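Inside the fold
Residues per chain, in single letters:
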Amino acid sequence: MDEHKHAQLKRLPGVDRILEYAANGGQFDNIPKSVLIPAIRTAIDTLRTRILKSEVPLDGSRFSRQALVATVKQQAARTMALKLKRTVNATGVVVHTNLGRSLLSPAVIDHLTTISSRYSNLEFDLEKGRRGSRYSAVEDILCELSGARAAMIVNNNAAAVLLCLDTLATGREVVVSRGELVEIGGAFRIPDVMAKSGAVLKEVGTTNRTHPRDYENAIGEQTGLLLKAHTSNFSIVGFTAAVSLPDLVSIGRRHSIPVMEDLGSGSLVDLSRYGLIKEPTVQESLAAGVDVVTFSGDKLLGGPQAGIILGDKPHIDRIKANPLARALRIDKMTLAALEATLRLYRNERQAVHQIPSLRMLTLPLSVVQGQAAELKARLERLPGARITVELLDISSKAGGGSLPLLDLPSCCTGVSVHGRSANAIERWMRNHTTPIIGRIENDRFIMDPRTLQEEELDIIEKAFADMLADGTERG
Ligand SMILES: *Cc1c(COP(=O)(O)O)cnc(C)c1O
C-alpha cells in the first residue's frame with residue numbers, strides 16, 4: 001500500500017473519539033444512539049474507502065473533526081427522515097401501483113382524519129346500543145350503488161379472491177378459461193391463489209379461444225365454482241373467442257354451480273361515456289346474474305386499498321362466516337375512506353369531478369396541453385439557457401391493470417439539458433427533496449402533466465432550477 005494511504009488511514013478517528021468531541025459541543029444531542037453510532041461508522045467507513053481508492057492523498061480538511069461531525073449529522077438526518085414520502089407522479093400512469101395507486105379526495109381525507117383521531121361507532125350499533133358489525137357502514141351503500149344484495153370488504157382484491165375461493169370451493173374444482181389465468185403485478189397469479197385456497201384449478205379452452213362446450217365438458221361431480229377473471233392488464237386480439245358472463249351464468253344455473261367473477265379494477269361508472277374504452281362495470285356483472293364479484297377499492301374506484309366482494313346474501317353470508325375473514329379484515333381508516341369515497345358516487349358527475357383518478361382519466365386533452373405548455377415556458381425561463389423543452393404527443397395510461405388497451409391522448413414535455421444525460425436528469429429528479437418520477441424516451445426526460453397535482457409545477461420548476469445551478473453529478 002502507498003505510504004500516504006497508510007498515514008491517512010492511521011489518522012482516521014475511532015467512533016469514541018468523535019462521540020467525545022461532539023459531546024462537548026452538544027452537537028449530537030437530538031440524535032438517538034441507535035441512529036448516531038451507525039451514522040458515525042458510515043462516515044468513517046466512507047472516508048476509509050475514499051482513502052483506499054484515491055490516487056493522491058485526500059485533502060486534510062476532510063479529516064477535521066468538524067467535517068466528520070457535519071457528515072455524521074447529514075447521515076443521521078437522512079436516516080431519521082420519513083421513508084414513505086410524497087412523490088410527484090409525472091409518468092402519466094393514473095393508477096400507478098408503485099406510486100400509491102389512487103389519491104383520495106379532500107372530502108374523503110376530512111372524514112378519515114376525524115375517524116382516525118377520535119373514537120367511532122366502528123363496531124357499535126348506535127340504535128340498539130350494543131355491538132354492531134364493522135361492515136354495516138359500507139354494506140348498504142355498496143348495495144345501493146351496485147344493485148347487489150349483500151357485500152363484504154377485505155384488505156385488497158387478492159384477499160377477496162382468496163377468501164371467496166376458500167369459502168366456495170375448497171377441496172373442489174374451479175373451472176377457469178386458459179385465456180384468463182392472469183398474473184397481476186406483485187405476484188398475484190390466479191393459479192397460485194387457487195392453490196392456497198385449497199381449490200383445484202380446472203383449466204379449459206385454449207389461450208385464445210374458449211367455448212361454452214369447454215365449460216360444459218369440464219363440469220362434473222367435483223366442480224364447485226365457475227370463475228371468470230378479468231384479463232385486466234393484457235388483451236388477446238386476433239382469432240379469439242371467450243364465453244360471455246351471461247352465457248357462463250346460464251351454464252352455472254343449468255348445473256347449479258355458482259359463478260364468480262374477479263373484475264380486477266371494477267368501475268362503478270361506465271367510462272366509455274367519457275370517451276374512454278369500455279370496461280365492464282360492477283353493475284353489469286351483477287345484472288348478468290353472477291353470484292359473487294370481487295374488485296379493488298383503489299383501482300378505478302379511486303378509494304383506499306380494499307377488496308370488495310358483492311353478491312347474493314347466502315354466498316356473502318358464508319364468506320363472512322369464514323374464519324379467514326377475520327384475518328383479512330379492514331381497519332377503520334380503510335372503512336372511513338371507502339364510505340366517504342362511495343358517497344361521492346351517488347352523483348356520477350360529482351364522482352368524476354371529485355375522485356382524483358376519475359378526474360385525471362377524464363381530463364380534457366386541452367387542459368393537459370395547457371399544463372404542458374406552461375411547464376415548457378417555466379423551464380425555458382430558467383437561467384442558464386442550457387435546457388431544451390419540447391411538447392410531445394405521447395399517450396397516458398390508466399395503469400393498475402385497468403383499461404389495458406387504453407391510450408389516452410396526452411401532451412408531454414420532453415426535456416434535454418446540454419451536458420447532462422437523460423439518465424442523469426432522471427436520477428436528479430428522483431432524488432430531489434420531493435422526488436419527481438418521470439420516464440426516459442429518446443434521450444429526453446419525459447413528464448406527462450395528466451398525473452400532476454396542484455402546485456406540482458412549482459416543485460418541478462424548483463427541482464430543475466436546483467439542477468441547473470448545480471455543477472456536480474454530470475454524465
Ligand atoms: C389488480 C387485480 C387483482 C389484485 O387486486 P389487489 O387489490 O391489488 O389485491 C386481482 N385480480 C385482478 C383481475 C386484478 O386486476
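Throughout, residues of each chain are indexed from 1 in the direction in which the sequence is written. Two thresholds apply to this predicted model, a pLDDT of at least 70 for residue-level local features and 80 or more for giving and counting side-chain atom pairs, whereas whole-chain, interface and lining totals are computed over all residues. To get the side-chain values, all heavy atoms of the structure are used, and hydrogens and water are removed first.

Quick word on the domain arrangement of the chain
Short version of the rule: Domains are outlined according to an automatic or database domain assignment.
Structurally, the chain comprises domain 1 (3-80), domain 2 (88-96 + 362-469) and domain 3 (104-354). The gap between the C-alpha centroids of domain 2 and domain 3 is 35 Å.

Topic: the sheet that holds strand E10 (residues 259-264)
As a reminder, the rule being used: The pairing criterion is simple: DSSP has to find at least two bridges between the two strands. Each helix is a run of H or I in the DSSP string that is no shorter than four residues. Each strand is a run of E no shorter than two, and both are numbered from the N terminus. An axis is simply a line fitted to the C-alpha atoms; with a helix, the fit covers only the stretch in contact. Between two such axes, the angle follows the N-to-C directions and lies from 0 to 180 degrees. Contacts are residue-level and defined by heavy atoms, with any inter-residue pair within 4.5 Å sufficient.
An order of E4-E12-E11-E10-E9-E5-E8 is seen for the seven strands of this open sheet, with the pairing classed as mixed. Either end of the sheet is taken by a strand with one partner, and the two such strands are strand E4 (150-154) and strand E8 (200-204). Between one strand axis and the next, the sheet turns by 25 degrees as a mean value, whatever way the strands run. Bridging between strand E5 (residues 173-177) and strand E9 (residues 223-229) involves three bridges; their strand directions are parallel. Considered in E9, the bridge of Val 174 is made with Leu 225. Sheet strands touched by helix H7 (residues 157-169): E4, E5, E9, E10, strand E11 (292-296) and strand E12 (307-311). Its angle to E11, the strand with the most contacts, is close to 160 degrees. Sitting on the sheet, helix H12 (residues 313-321) touches E4, E11 and E12, and the angle it makes with E4 is about 30 degrees.

Some words on the pattern of salt bridges
Selection rule: The term salt bridge refers to a pairing of a side-chain nitrogen on Lys or Arg with a carboxyl oxygen on Asp or Glu at a separation within 4 Å. Here the term buried applies to any residue with accessible area under 20% of the maximum for its type, exposed to any over 50%, and partly exposed to those in between, with areas from a 1.4 Å probe on protein chains only.
What the rule picks out here adds up to 24 salt bridges. The salt bridge partner of Asp 45 is Arg 48, with a shortest N-O separation of 3.0 Å. Here the residue Asp 45 and the residue Arg 48 both occupy positions in helix H3 (residues 33-53), the gap between them amounting to three residues, near one helical turn. A relative accessible area of 40% means that Asp 45 is categorised as partly exposed. Where Arg 86 meets Glu 456, a salt bridge forms, and the shortest distance between an N and an O atom there is 2.8 Å. Here Arg 86 is found in the loop between helix H4 (65-80) and strand E1 (88-89), whereas its partner Glu 456 is found in helix H19 (residues 456-469), with 370 residues between them in sequence. Judged by relative accessible area, which is 47%, Arg 86 ranks as partly exposed. Look at Glu 456 and you get buried, because its relative accessible area is 4%.

A closer look at H4
Put simply, the rule reads: Multiplying 1.5 Å by the residue count of a helix minus one yields the expected span of that helix. The arc in question is the one traced by the directions running from the helix axis out to the C-beta atoms.
Taking 1.5 Å of rise per residue, 16 residues should cover 22 Å, and H4 covers 22 Å from first to last C-alpha, within 8% of that figure. Taken residue by residue, H4 has Leu 68, Val 69, Val 72 and Ala 76 as its buried positions. An end-on view of H4 places all buried positions within 100 degrees of arc, on one side of the element. More than 90 degrees from the buried face of H4, the exposed residues found are Gln 66, Gln 74 and Arg 78. Structurally, H4 contributes buried residues whose contacts are with helix H2 (15-25) and H3.

Some thoughts on the site of the ligand
This is how the line gets drawn: Residue proximity to a molecule or strand is established when one non-hydrogen atom of the residue lies within 4 Å of it. Two N or O atoms form a polar contact when they lie within 3.5 Å of each other; inside protein one atom must be a possible hydrogen donor and the other a possible acceptor, and for residues adjacent in sequence the pair counts only when both atoms belong to side chains. Method for areas: the Shrake-Rupley scheme with a 1.4 Å probe, in which residue coverage is limited to the protein chains shown.
Close to the ligand lie Arg 101, Asn 156, Asn 157, Ala 158, Ile 184, Phe 188, His 230, Ser 232, Asp 262, Gly 264, Ser 296 and Lys 299, which account for all nearby residues. In the environment of the ligand, a nitrogen atom lies 2.7 Å from a nitrogen or oxygen atom belonging to the side chain of Asp 262. Here Ser 296 contributes a side-chain N or O atom positioned 2.6 Å from an oxygen atom of the ligand. In the complex, 95% of the free accessible area of the ligand, which totals 380 Å², lies under the protein chains.

Here's the deal with the packing of aromatic side chains
Let me state the cut-off plainly: Under the pairing criterion, centres of Phe, Tyr and Trp rings, with the six-membered ring standing for Trp, must be within 6.5 Å; the plane angle then separates stacked pairs below 30 degrees from edge-to-face pairs above 60, leaving the rest tilted.
Under the definition given, this model contains one aromatic pair. With a centroid separation of 6.4 Å and 50 degrees between ring planes, the pair formed by Phe 445 and Phe 464 is classed as tilted. A residue pair is termed long-range when its members are at least 10 positions apart, and Phe 445 in strand E17 (residues 444-447) and Phe 464 in helix H19 qualify at 19 residues. Judged by its relative accessible area of 0%, Phe 445 falls in the buried class.

Some thoughts on the packing of H7 against helix H8 (residues 190-197)
Definition in use: In these notes the angle categories are as follows: under 35 degrees is roughly parallel, over 145 is roughly antiparallel, 65 to 115 is roughly perpendicular, and the rest is oblique. By the definition used in this description, the sense in which the near helix is turned from the far one sets the handedness, with an anticlockwise turn below a right angle giving left-handed and a clockwise turn giving right-handed. Charged means Asp, Glu, Lys or Arg here, nonpolar means Ala, Val, Leu, Ile, Met, Phe, Trp, Tyr, Cys or Pro, and polar covers whatever is left, Gly included.
At their nearest, the axes of H7 and H8 sit 9 Å apart, and the two run at 45 degrees to each other. Judged by the angle between their axes, H7 and H8 are oblique. Handedness of the crossing formed by H7 with H8: right-handed. Contacts from Ala 158, Val 161, Leu 162, Leu 165 and Asp 166 in H7 reach Val 193, Met 194, Lys 196 and Ser 197 in H8. Here the contact of H7 with H8 is composed, by residue class, of six nonpolar, one polar and two charged.

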